[in-house]
Amino acid sequence: MYWERSKRRYRERALKLSVKTPSKWKYRPERKPPGPTRPAPEEPEADDVSKEDLLIPSQALRPTVRFSLQAKFRQSSQRSTVSPSGSVINELAKMGDPDVLEMVQQDRRVSKEDHSKANEDPRSRESSFLICQEPRSAKRYNLFLTRRLLFKKDEQSKDSIFFRDGIRKIDFVLSYVDDIKKEAEVKAERRKQFEQNLRKTGLELEIEDKMNSEDGRTYFVKIHAPWEVLATYAEVLGIKMPVKESDIPPADKIPFSCMLEPLKLPREVKHPTPEYFTVPFSRHRQELFLIKDESSFFPSSSRNRIVYYILSRCPFGMEDGKKRFGIERLLNSHTYSSAFPLHDGQYWKASEPPNPVNQRNILHQNWARFSYFYKEQPFNLIRDYYGEKIGIYFVFLGFYTEMLFFAAVVGLACFIYGVLTIPNTSSSAEICDPEIGGQIIMCPLCDELCDYWRLNSTCLASKFSHLFDNESTVFFAIFMGIWVTLFLEFWKQRQARLEYEWDLVDFEEEQQQLQLRPEFEAMCTKRKMNAVTQEMEPYLPLCSRLPWYILSGVTVTLWMALVVACMVAVIVYRLSVFATFASFMESEASLKHVKSFLTPQIATSLTGSCLNFIVILILNFFYEKISAWITKMEIPRTHQEYESSLTLKMFLFQFVNYYSSCFYVAFFKGKFVGYPEKYTYLFGVWRSEECDPAGCLVELTTQLTIIMTGKQIFGNIKEAIYPLVLNWWRRRKARTNSEKLYSRWEQDNDLETFGSLELFYEYLETVIQFGFVTLFVASFPLAPLLALLNNIIEIRVDAWKLTTQYRRPVAAKAHSIGVWQDILYGMAVLSVATNAVIVAFTSDMVPRLVYRYAYSVNETCPMRGYVNNSLSVFLIADFPNNTVPSEKRDYNTCRYRDYRNPPDSEDKYVPNIQYWHVLAAKMTFIITMEHVVFLIKFLLAWMIPDVPKDVLERVKREKLMTVKILHDFELNKLKENLRLNSASSTDFTRHFAIKENKENLAESTTYLTQ
């Protein structure tokens, strides 16, 4: 296969480089004695040692390291001529070659020999570092391990995160259970090959037998990454590490910041480490970095990220003629039951020596407690523990919540204004007045079964409608159009500041493009040249993906059509049960007191909204499974492409699923009803729904409140209760052998898995909420307040479940919220149009303004007579036989909501001139509001820079300093090389001259004796 040929070609290239330039030193210098080593602990009394405990290859031994400044220059300079190039080793590491550590060690041995030769000058001082000690013999090393591992297991700490020797830290854990089925031997062989290849890559493994586990049947494979592996793959992944403490002064304090002190966290929690200048790590420049202790130099998030990178590319054999590799494939085939990095310790107590600081406990104490809901979040600590990808989600959620505070205050003020102005509302006063609303007979709302009704029966509904449909509605709609622009522009600034603080300024998308999905690499049979890197990379032709793209598009379209069909079904339900509610409430005398606030319209709206919410949850459950499967079948090239494809599918579906019913009520309900003589019918059977005389805004508010609140309550309960119950049940089943040690890895194994899509669904939930807050906010000013309260709870629920109920996720890098930012921009633009249409067509604001300034004849009270003006007259005798009520009434006319000519007009029931005036005013309002808001949006976007000025200056300063540090480093190395070469040349010339003089003297002596 090409995979094998490619790796063979890289090895041949490395071999050629290693023998291309032979050593120029003829004589080998004396080898220096090894440095001091730690004494082995006294050997406790024990009978035997498990064989698995000694499965650590000699090639993975960790050498003794000594540090100084000058000798490393020699090592680096000599390596460039006689060792395999760094790019070759990095390429093999990217391809998952299990022999990459062997090449690194060969590289180090060659460097050591050349360094020893360079130190042949007797006048040079001994200032060596990174000199590999001679490897111990296997027997001696095994004896050392035997003394380390012979101890009583029950004396080991339950919170130990080290191997049994108490030195090597556990970076990752795999677990599996013996399988008694037919595939048991196949799985065992896969595990054997996989673990052998892991050891070849340099990882150190320690296996816990099932007899030592709590349930008596689970094996645990503990993985440790030694320094050589971490250094090699840190360079491959481009991980930035500190080289010098930053001298840039902190940002100026915000005025009146002392007032915010109660909201702040302690400085050691908010900033656990000082600021540093950083550069991408290089194993050939180790003395450049601030390495105080190798075991703690790389943070735990970087360590587990490196180990997972190796696990995801490590092969485990050939099956069906194809090379199989990757821990994900082994998990899917149940060869391993789980794979996860360890938490630092128990979340409810601090760690005890020799364990390092328990960051999990610090996060739980200062972040995951609900009593800290008013406190800021420790973003740097979240990033250090969980990685940048999870950290940036919480930064975004926190910033969004802060901005919601201002929208919630304004929305609450508009709501209070509506409450205070209810007594002064002329429309509600006329509807509730027995002499006006009580004398107006309205036409039936359904055919045959519904009776005539009086307008004052909707008195309470008209007052409720005024809470959200008043003069402040227009102001709040314009304010939210400006607010969403400010939110997105300030978020770009916050994101730019975050990129600087978290060393993500140079994090390019191309860096992620190099990290291919293992599934993509496994399916590729062809290679092509990358135009950017000029290297061969896996390639999958479009013709191989096209069928899956077509299937994906068809599936998404069909599911969106299914959502629309379900919405139509809910509409049919509302139409069919409305008559039932109406006749039931008329016939039941016990419901006379309820009818004042629970009208047939409200009852139908409430039950229909609840039914629609249930349908939404059911459709979401099934579509999530299908969309994830289809996205995998598309074989995306990178993880970023996978998430982008899944995001597009899920958002399109969720958008239609959650918002379709709101769009129907806002833009379609009551707009195409017709009039009593000629009603419109859905499918020719059900008569179209009518709006309340006070408008459809009340029903839109009801629909929005039920779906938004129900989704948030259901989501929080699911996120909090579901993992809690599952973990309790899993622990209950596992605790069968209570006398065994319930170890750190067993505790984490009993927790719920934080899947690769968990963060995706968190973003999706937030974006859907953002849509409710912006798209329909003109109908419900309290939406930002509900979202604010939900997010305050959401932050603590997410923090609590991450620290207490979930296994520690693998750290991942990200410099932004990705495609979600484009979705937010699209929703922000759409929200301007939707709110303008809601104010114009759904609320009663524009018709009231037209009446006030064009048709009112009362100067002292301009709105008096508006209700009567907005209702048209219909002659009951003109009712078709299939629509007239079954019970006869002594009424000649009834009223309906529209602007049409009366029955005594020549053009009866034809839209009158006021209808066209109102329509023209509505269209004018929409165009004017959109242009005003868009103009303000563009001006704000132009005035607010994407990157703050102080951040730009800090970025330039850091780049200047890092370039200077690297320049000084290379300059010192060059000077050292020149000095060494000069000294070596002088010694060689002197030695050659002495030897030549001796030979001449011998020849002269021989000549004289003759």
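Could you give an account of helix 13 (residues 379-386), with specific residues and numbers?
The buried fraction of helix 13 is high, at eight of eight residues. For helix 13, the full list of buried residues reads F379, N380, L381, I382, R383, D384, Y385 and Y386. In this structure, the buried residues of helix 13 make contact with helix 8 (267-270), helix 10 (300-311), helix 12 (359-366), helix 14 (388-420), helix 17 (471-501) and helix 26 (783-805). In the segment just after helix 13, G387 is the residue with positive phi, at about 100°.

Break down the pairing of strand 2 (residues 204-208) for me, with residues and values.
Strand 2 sits mainly inside the fold: five of its five residues count as buried. Burial along strand 2 is two-sided: the residues E204, E206 and E208 and L205 and I207 are all buried. Strand direction decides the pairing type here: strand 2 and strand 3 (residues 218-224), joined by five bridges, are antiparallel. From the neighbouring strand, E204 faces strand 3, where its bridge partner is H224.

Go over unusual backbone geometry, please, and point to the residues and values.
Even without a glycine there, the phi angle at H334 is positive, about 60°. The topology assignment puts H334 in the loop between helix 11 (327-332) and strand 8 (338-340). Residue classification places H334 among the exposed residues on the basis of a relative accessible area of 60%. Although it is not a glycine, Y909 sits at a positive phi angle of roughly 65°.

Before we move on, can you summarise the state of the cysteines with the specific residues and values?
Such a bond, covalent and formed between the sulfur atoms of two cysteines, is termed a disulfide. Tallied over the entire structure, the rule returns three disulfides. A sulfur-sulfur separation of 1.9 Å characterises the disulfide bridge that pairs C443 with C894. Judged by the torsion about the S-S bond (80°), the C443/C894 disulfide is right-handed. With C443 in the loop between strand 9 (441-442) and strand 10 (453-454) and C894 in strand 18 (residues 893-897), this pair connects stretches of sequence that are 451 residues apart. In this pair, the class of C443 matches that of C894, namely buried. Between the sulfur atoms of C446 and its disulfide mate C450 the distance is 1.5 Å. Residues C446 and C450 are joined through a disulfide that is right-handed, its torsion about the S-S bond being 100°.

With reference to specific residues and values, describe the nonpolar core.
Formed by 122 residues in total, the largest nonpolar core has its most connected members in W367, W483, F487 and Y659. Sorting elements by how many residues they give to this core places helix 14 first, with 16 residues. Residues L230, Y233, I291 and I310 belong to the second largest nonpolar core, which totals 48 residues.

Which residues make up the confidence of the model for the chain, and what are the values?
Summarising the model, the chain shows a mean pLDDT of 77, and 76% of its residues fall at 70 or more. Across residues 17-83, where pLDDT falls below 50, the model places 145 contacts with residues more than four positions away in sequence or in other chains. Low pLDDT, under 50, characterises residues 115-154; the stretch is placed with 94 contacts to residues that sit more than four places away or in other chains.

Explain the packing of aromatic side chains residue by residue, including any values.
A complete count under the given rule lists 58 aromatic pairs for this structure. Taking the centre distance of 5.3 Å and the plane angle of 70° together, the rings of F281 and F298 count as edge-to-face. Here F281 is found in the loop between strand 5 (276-280) and helix 9 (294-297), whereas its partner F298 is found in the loop between helix 9 and helix 10, with 17 residues between them in sequence. For the residue pair F281 and F298, the accessibility class agrees, reading buried in each case. Measuring from ring centre to ring centre gives 6.3 Å for F396 and Y763, while their planes differ by 40°; the resulting arrangement is tilted. In this pair, F396 is assigned in helix 14 and Y763 in helix 25 (residues 758-775), connecting sequence segments 367 residues apart. When sorted by exposure, F396 lands in the same class as Y763, which is buried. Just above the ring of Y309 sits the side chain of R313; from NZ or CZ to the centre is 4.1 Å. A cation over an aromatic ring shows up here: R687 above the ring of Y679, its NZ or CZ 3.7 Å from the ring centre.

Conventions adopted
Residues numbered from 1 in each chain as written. Predicted model: local features only at pLDDT ≥ 70, side-chain atom pairs only at ≥ 80, totals over all residues. Heavy atoms only, no water. Buried < 20%, exposed > 50% of the residue type's maximum accessible area, 1.4 Å probe, protein only. Helix = DSSP H or I, 4+ residues; strand = E, 2+ residues; numbered from the N terminus. Contact = heavy atoms within 4.5 Å. Pairing = 2+ DSSP bridges. Disulfide = S-S within 2.5 Å. Core = buried A, V, L, I, M, F, W, Y, C linked by side-chain atoms within 4.5 Å. pLDDT = per-residue confidence, 0-100. Phe/Tyr/Trp six-rings, centres within 6.5 Å; stacked < 30°, edge-to-face > 60°. Lys NZ or Arg CZ within 6 Å of the ring centre and 35° of its normal.

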